[in-house]
Amino acid sequence: MAPARTRVNSLHVAVIGAGAAGLVAARELRLENHSVVVFERDSKVGGLWVYTPNSEPDPLSLDPNRTIVHSSVYNSLRTNLPRECMGYRDFPFVPRPEDDESRDQRRYPSHREVLAYLEDFAREFKLVEMVRFKTEVVLVEPEGQKWKVQSKNSDGISKDEIFDAVVVCNGHYTEPRVAHVPGIDSWPGKQIHSHNYRVPDQFKDQVVVVIGNFASGADISRDITGVAKEVHIASRSNPSKTCSKLPGSNNLWLHSMIESVHEDGSIVFQNGKVVQADTIVHCTGYKYHFPFLNTNGYITVEDNCVGPLYKHVFPPALAPGLSFIGLPWMTLQFFMFELQSKWVAAALSGRVTLPSEDKMMEDVTAYYAKREAYGQPKRYTHRLGGGQVEYLNWIAEQIGAPPGEQWRYQEIDGGYYRLATQSDTFRDKWDDDHLIVEAYEDFLRHKLISCLPSQLLES
Ligand code: FAD
């Protein structure tokens, strides 16, 4: 559907969060002539990528009254996607001629480089001037046809303001989900969630069990092997009878899930192996959490399904005044944030027309039915994975943008495959140089870079 170019409204819009999603939302909203206030409770832009050595006092983050530390980034973290496909389409994540030696030019750079990239993006498009730092949104609720936003600054001063629309970009990697482990209440060891993991020192000479073997689990278990006596990964996707020693280290094993844990400190895996462990590290993901949102029960979060949401973005009865950027996972995050933001900005200005509330609800219902028919649990509602190309290209079509580039989709597919099959080497060894060349030629063609970065293409 081509965007309808009829009336164009300029609205007053609140964006919650100045991470990768909030920054691009602010840019796209302003490009569409809306006036924008970005609320950010931290003192700088970057969200998750603002590393801090501090973690929460409660290592499992179960206490609802704990002091929140937003970032889940650990010190050794490097991106899990190649940088060419990871960046925004309009501002590729590439080494630039003006970069100094403090920058990390690797294809899978460290978290510091991602933050530097987001700071570059904010500087390039003068986004910081829209951000109100150290200001937390504590309440968002409808007020007639508009939205009340209550915020609190670092001096504790509250302010109520009225906006035409609110775009929620508060991130979803801060509220940990902890695995249910039979017997855990009487197990005497320590437990920590990956949200609170920063460096491996505390695991020196320990036997550690890491639950979960996706991006964080695979990384953290390898980070710990350098100091720990033994590291055992419990993985839901590993068949129940298997146990294997993983390549690249002499003290790392992959098991099936944990069967039970016991008062004597033992941990029994479904494969029958037993270890005496000191610590369990839960790399078991996060929960969507919108503590500030009051929609009188219209929007709920059940088993990590936020709904009802049309295409993961618009609640049908409240659209387009309320929208969410960045909920889907297992996808090209920054690229998706950019497309979703363009869609929201255009829907608010009236350049793009959303379907009626009923039609949007029909779509949500059909999507849920499809998920169930495929036997997918509810908590996978926002997992795109194999459906990402269709989803991203569909949004691109709504806003009259070209579909995602083939090299971009091929890079993420190959990247995820390497992550799953070569978790010890995937960031430094790859076999898709031709895609790097295609990506950079594309950037050059669109005048997004001024020259090809020979150091990266030669590596
Ligand atoms: P965030 O970056 O979390 O930003 C949300 C912002 O909202 C924060 O600044 C926060 O302070 C602010 N905020 C929250 N609540 C409020 C409030 N009430 N009031 C005011 N401000 C508020 N993606 C990739 O593409 N590549 C990777 O390599 C990669 N690695 C990852 C590694 C880890 C360990 C994790 C957890 C995720 C990773 N991701 C990766 C996914 C990553 O989350 C996204 O790339 C992206 O950075 C998320 O951006 P966001 O803006 O949605 O959220």
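The name that an unreviewed UniProt entry assigns to the protein is Flavin-containing monooxygenase, with the source organism given as Arabidopsis suecica. Recorded in UniProt for the protein, the comment headed Sequence similarities (unreviewed entry) runs: "Belongs to the FMO family." In its Cofactor (unreviewed entry) section, the UniProt entry covering the protein states "FAD".

J.: Could you clarify how one ought to interpret the sheet that holds strand β4 (residues 135-143) in this entry?
T.: Consider a sheet: its strands pair through backbone hydrogen bonds, and that pairing is either parallel or antiparallel. What the three strands build is an open sheet, ordered β4-β5-β6; its pairing is antiparallel. Each having just a single partner strand, β4 and β6 (158-163) make up the two edges of the open sheet. The average undirected angle you get between the axes of adjacent strands in this sheet is 20 degrees.

J.: Would you mind going over the side chain of Thr52 with me for this structure?
T.: With respect to the helices, strands and loops of the structure, Thr52 is situated in the loop between β2 (35-39) and α2 (83-86). Taking the relative accessible area as the measure of exposure, Thr52 reaches 18% and is therefore buried. For Thr52, the side chain forms a polar contact with the main-chain nitrogen of Asn54, separated by 2.9 Å.

J.: Whenever I open this one, the nonpolar core confuses me. Can you help?
T.: One recurring pattern in soluble globular proteins: nonpolar side chains tend to sit buried together. If you look at the biggest cluster of nonpolar residues, it comprises 93 residues, and the most contacted ones within it are Ile224 and Phe334. Each residue touching Phe334, except ones within four places of it in the same chain, is listed here: Ala20, Trp49, Met86, Gly87, Tyr88, Val114, Tyr117 and Leu118. With 22 residues, the next largest nonpolar core counts Ala14, Val37, Trp147 and Val168 among its residues.

J.: How should the packing of aromatic side chains be read in this particular structure?
T.: Within a pair of aromatic rings, the relevant descriptors are the distance that separates the centres and the angle that separates the planes. Evaluated as defined, the whole model comprises 25 aromatic pairs. Ring centres of Tyr88 and Phe121 lie 4.3 Å apart, and the angle between their planes is 35 degrees; on these two criteria the pair is classed as tilted. Taken as a pair, Tyr88 in the loop between α2 and α3 (111-124) and Phe121 in helix α3 lie far apart in primary sequence, 33 residues in all. Measuring from ring centre to ring centre gives 5.6 Å for Phe91 and Phe121, while their planes differ by 55 degrees; the resulting arrangement is tilted. One end of the pair, Phe91, is in the loop between α2 and α3; the other, Phe121, is in helix α3, and 30 residues separate them in sequence. Exposure class is identical for Phe91 and Phe121. Each is buried. A network of ring pairs unites the aromatic residues Tyr88, Phe91, Phe93, Tyr117, Phe121, Phe125, Phe334 and Phe337 as a single cluster. The ring of Phe125 carries the charged tip of Arg27 above its face, separated from the ring centre by 3.8 Å. Stacked on the ring of Phe93, the Lys or Arg Arg83 has its end atom at 4.4 Å from the ring centre.

J.: Mind showing me how you'd approach the site of the ligand here?
T.: In the region of the ligand, 32 residues are neighbours, and Glu40, Leu48, Trp49, His70 and Asn80 sit closest. Trp49 places a side-chain nitrogen or oxygen 2.8 Å from an oxygen atom of the ligand. Out of a free accessible area of 990 Å², the ligand has 95% covered by protein chains. Mapped onto the shell around the ligand, the elements with two or more residues apiece are α1 (20-31), β4 and α5 (333-349). Each residue belonging to the shell around the ligand can be placed in one class, and the counts come to 16 nonpolar, 13 polar and three charged.

J.: Is there a simple way to think about the state of the cysteines in this case?
T.: Where two cysteines share a covalent bond between their sulfur atoms, that bond is called a disulfide. Within the structure shown, the criterion is met by zero disulfides. Lacking any disulfide linkage, Cys243 is separated from the closest cysteine sulfur, that of Cys283, by 18 Å. Judged by relative accessible area, which is 30%, Cys243 ranks as partly exposed.

J.: What exactly am I supposed to notice about the packing of helix α7 (residues 388-398) against helix α8 (residues 406-421) here?
T.: The geometry of a pair of packed helices is captured by two quantities: the angle between their axes and the separation between those axes. Running from N to C, α7 and α8 point in directions that differ by 150 degrees, and their axes come no closer than 11 Å. As the angle between them shows, α7 and α8 are arranged roughly antiparallel. Considering only the axes of α7 and α8, their crossing is right-handed. Side by side, α7 and α8 meet where Gln388, Val389, Leu392 and Asn393 of the first sit next to Tyr409, Ile412 and Asp413 of the second.

J.: Sorry, what's going on with the pairing of β2 here?
T.: Counted residue by residue, β2 has four buried out of five residues, so it is predominantly covered. When strand β1 (residues 12-16) meets β2, the two strands line up parallel, connected through five bridges. Looking across to β2, one finds that Ile16 is bridged to Phe39. In this view, the connection linking β1 to its parallel neighbour β2 by way of α1 has right-handed handedness.

Procedures and definitions
Residues numbered from 1 in each chain as written. Predicted model: local features only at pLDDT ≥ 70, side-chain atom pairs only at ≥ 80, totals over all residues. Heavy atoms only, no water. UniProt positions renumbered as here; feature names shortened; annotations may be inferred. Pairing = 2+ DSSP bridges. Helix = DSSP H or I, 4+ residues; strand = E, 2+ residues; numbered from the N terminus. Axes fitted to C-alpha atoms, helices over the stretch in contact; angles between N-to-C directions. Buried < 20%, exposed > 50% of the residue type's maximum accessible area, 1.4 Å probe, protein only. Polar contact = N/O pair within 3.5 Å; in protein donor to acceptor, adjacent residues only side chain to side chain. Core = buried A, V, L, I, M, F, W, Y, C linked by side-chain atoms within 4.5 Å. Contact = heavy atoms within 4.5 Å. Phe/Tyr/Trp six-rings, centres within 6.5 Å; stacked < 30°, edge-to-face > 60°. Lys NZ or Arg CZ within 6 Å of the ring centre and 35° of its normal. Near = heavy atom within 4 Å. Areas by Shrake-Rupley, 256 points an atom, 1.4 Å probe, with all protein chains shown as cover. Nonpolar A, V, L, I, M, F, W, Y, C, P; charged D, E, K, R; others polar. Disulfide = S-S within 2.5 Å. Parallel < 35°, antiparallel > 145°, perpendicular 65-115°, else oblique. Left-handed = near helix turned anticlockwise from the far one by under 90°. Right-handed = clockwise from strand over helix to strand, strands pointing away.

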